[in-house]
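Structure assessment
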Amino acid sequence: MTKTMRAALSLLAVTVALNTGVAVAAGDTARGENIATQGNGAGALACTTCHGPDGKGNAAAGFPDIAGLNADYLSKQLHDYAEGTRKSPIMQPFATALTEDDIQSLSAYYQSLQSPVSAVAYRAPDPANQGEWLALRGDWDNLIPACNQCHGPNGMGVGNSFPALAGQHASYLKGQILAWRNGTRNNDPNHLMKGIADRLSEQQISAITEYYAALPEQLAGQAEEKENR
Ligand code: HEC
Ligand code: HEC
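Residues numbered from 1 in each chain as written. Chains lettered and ligands numbered in written order. Predicted model: local features only at pLDDT ≥ 70, side-chain atom pairs only at ≥ 80, totals over all residues. Heavy atoms only, no water.

Turning our eyes to something else, we now look at the site of ligand 2. In the neighbourhood of ligand 2, 28 residues make up the surrounding shell, with Lys76, Cys147, Cys150, His151 and Met193 lying closest. Residue assignment for the shell around ligand 2 shows that the elements contributing at least two residues are α4 (71-83), α8 (147-151), α9 (170-182) and α10 (192-199). Here the shell around ligand 2 gets 4 residues from one element, more than from any other, and that element is α9. The residue makeup of the shell around ligand 2 includes at least three contributed by each of domain 1 (3-17 + 117-228) and domain 2 (29-112). (Near = heavy atom within 4 Å. Helix = DSSP H or I, 4+ residues; strand = E, 2+ residues; numbered from the N terminus. Domains from an automatic or database assignment.)

Next up, the structure:
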């Protein structure tokens, strides 16, 4: 077996192991909406102040789109901020001010909001499109697996471990890859993302983050083209 194949297989094994949990939102959605829009009265500001009334965030300000993300992924991130394995001077104080019940309710609420993409039919990647190629095929010469292998078709997210990337702001995605590189985000199971972040070139980071940010619009365009044919 080649080195590349062995690496692919061991990544697949981890993927399967991480992916067996079924997402069950235990929190109270209505209570979550209440905290999201008004804060919890104990130090956590209204989430909508930054993440917007629809959870879509703000690209220029660096506030990520959290609408439709998996509830278990969201709740893990809030715990990670509170525990400091994921560092953010903005989010850490809020996460620390949330009770377990607040976290569950907020996560259920944000999962219930509309996410940017759904699965569409498979399309072969264009080798001239570096972002699309990385997402669908990876760059095995540099031991970088296809992002969609873990993040799902069209980067729409898989289960409770692999967050959606499609439709997320490019600046935020870039920031997270750099955070894994410099160690301020150190919360990925088995360091799945740290290794990938270290191996991506600057150019690949730009290509892949711009690809995912623009994907929902690109897919909507393709669907329209088909209808008008
Ligand atoms: C003052 C602005 C601000 C407020 C208020 C705020 N956030 Fe955030 N949030 C941010 C920023 C900035 C980031 C990105 C931090 C980073 O780089 O890790 C973020 C990141 C997140 C993430 C990680 C998203 C991901 O894709 O991994 C979650 C989850 C989150 N916020 C939830 C909340 C919740 C729930 C509330 C309300 C209790 C809230 N935020 C309030 C600014 C804010
Ligand atoms: C082997 C599985 C795997 C592969 C392949 C993979 N990722 Fe990830 N990725 C993860 C996991 C697991 C997380 C969530 C870590 C956590 O719990 O915070 C993640 C999270 C992310 C995040 C943070 C999203 C957010 O909302 O904060 C970004 C950005 C990201 N990955 C980009 C990529 C890119 C770009 C590629 C391809 C070059 C890629 N990933 C390939 C497993 C993978």
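That was the structure; now back to the text.
Distances from the iron atom of ligand 1 to its protein donors, His51 (NE2) and Met91 (SD), fall at 2.0 to 2.2 Å. Around the iron atom of ligand 1, the 6 donor atoms are arranged such that angles at the metal cover 84 to 179°; this shape is classified as octahedral. One end of the pair, His51, is in helix α3 (residues 48-51); the other, Met91, is in helix α5 (residues 91-97), and 40 residues separate them in sequence. On the basis of relative accessible area, His51 is assigned to the buried category, the value being 11%. On the basis of relative accessibility, which here comes to 19%, the residue Met91 falls in the buried class. (Donors = N, O, S within 2.8 Å, 3.2 Å for Na, K, Ca; no water. Tetrahedral: all angles 85-135°; square planar, octahedral: opposite > 155°, others 65-115°. Buried < 20%, exposed > 50% of the residue type's maximum accessible area, 1.4 Å probe, protein only.)

Let us look at the packing of α9 against α10. Put simply, α9 and α10 touch, their axes get as near as 8 Å, and they point 100° apart. When the axes of α9 and α10 are compared, the pair comes out roughly perpendicular. Across from Ile177, Trp180 and Arg181 in α9, the residues of α10 making contact are Met193, Lys194, Ala197 and Asp198. Here the residues of the contact of α9 with α10 are counted per class, giving 4 nonpolar, no polar and 3 charged. (Axes fitted to C-alpha atoms, helices over the stretch in contact; angles between N-to-C directions. Parallel < 35°, antiparallel > 145°, perpendicular 65-115°, else oblique. Contact = heavy atoms within 4.5 Å. Nonpolar A, V, L, I, M, F, W, Y, C, P; charged D, E, K, R; others polar.)

Keep in mind these values describe shape, not function.
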